[in-house]
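This is what each chain is made of:
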Amino acid sequence: RTDDPWRLFVVTSADIASIHTLNGFIARFNELGGEKGRFGGVNANKLSGPFFESVTGDFIRETGAHLVANIPRSMMVSVGEFCTLPLVHVAPRGHVTAVYRKIARAVAEGKDARVPRHLDDGALAVWSRRWREIIDELENGIVRDGAAI
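Quick summary incoming for the structure in this document.

Conventions adopted
- Residues numbered from 1 in each chain as written.
- Predicted model: local features only at pLDDT ≥ 70, side-chain atom pairs only at ≥ 80, totals over all residues.
- Heavy atoms only, no water.
- Phe/Tyr/Trp six-rings, centres within 6.5 Å; stacked < 30°, edge-to-face > 60°.
- Helix = DSSP H or I, 4+ residues; strand = E, 2+ residues; numbered from the N terminus.
- Buried < 20%, exposed > 50% of the residue type's maximum accessible area, 1.4 Å probe, protein only.

What follows covers the packing of aromatic side chains. Enumeration according to the criterion identifies five aromatic pairs in this entry. With centroids separated by 5.6 Å and ring planes inclined at 65°, the aromatic side chains of phenylalanine 29 and phenylalanine 39 adopt a geometry described as edge-to-face. Of this pair, phenylalanine 29 sits in helix H1 (residues 16-32) while phenylalanine 39 sits in strand S2 (residues 37-47); the two residues are 10 residues apart in sequence, bridging distant segments of the chain. Accessibility classification places phenylalanine 29 together with phenylalanine 39 in one group, the buried group. Measuring from centroid to centroid gives 5.7 Å for phenylalanine 51 and tryptophan 131, while their planes differ by 75°, and the two rings are edge-to-face. In this pair, phenylalanine 51 is assigned in helix H2 (residues 50-63) and tryptophan 131 in helix H6 (residues 121-140), connecting sequence segments 80 residues apart. Given a relative accessible area of 10%, tryptophan 131 falls into the buried group. An aromatic cluster of at least three residues, connected via ring pairs, comprises Phe51, Phe52, Phe59, Trp127 and Trp131.

Shown next as structure tokens:
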């Protein structure tokens, strides 16, 4: 524990365990009342397409959190790991490198994001059920209201 001020940046992915953990961090942050800490925002990590960006984006909107960046899944990160080099050396002009630079600027600038609100158990269950239904419909090709696939 330190007496220095701090900022909370939370990294999440689109899986439900990660979303629940993000919700827990937000709840705990709110319990602390922001006495010394400030909320910096959320980074959505290793998203593999627009659908997963939609899931995390929807949750972030529901909580009122600030999205710092979507970090896409990238094979160049693996290349860097195999070479034991940071991504900025392996792909200095790459898209994911630019995203990491954006995050670094957000941290360095020290701007506070709005304080999000966590979803209580009931609201989280409703949110999860809605996404479960969306995923089920996508997987099974459900047609509603005359819509075509």
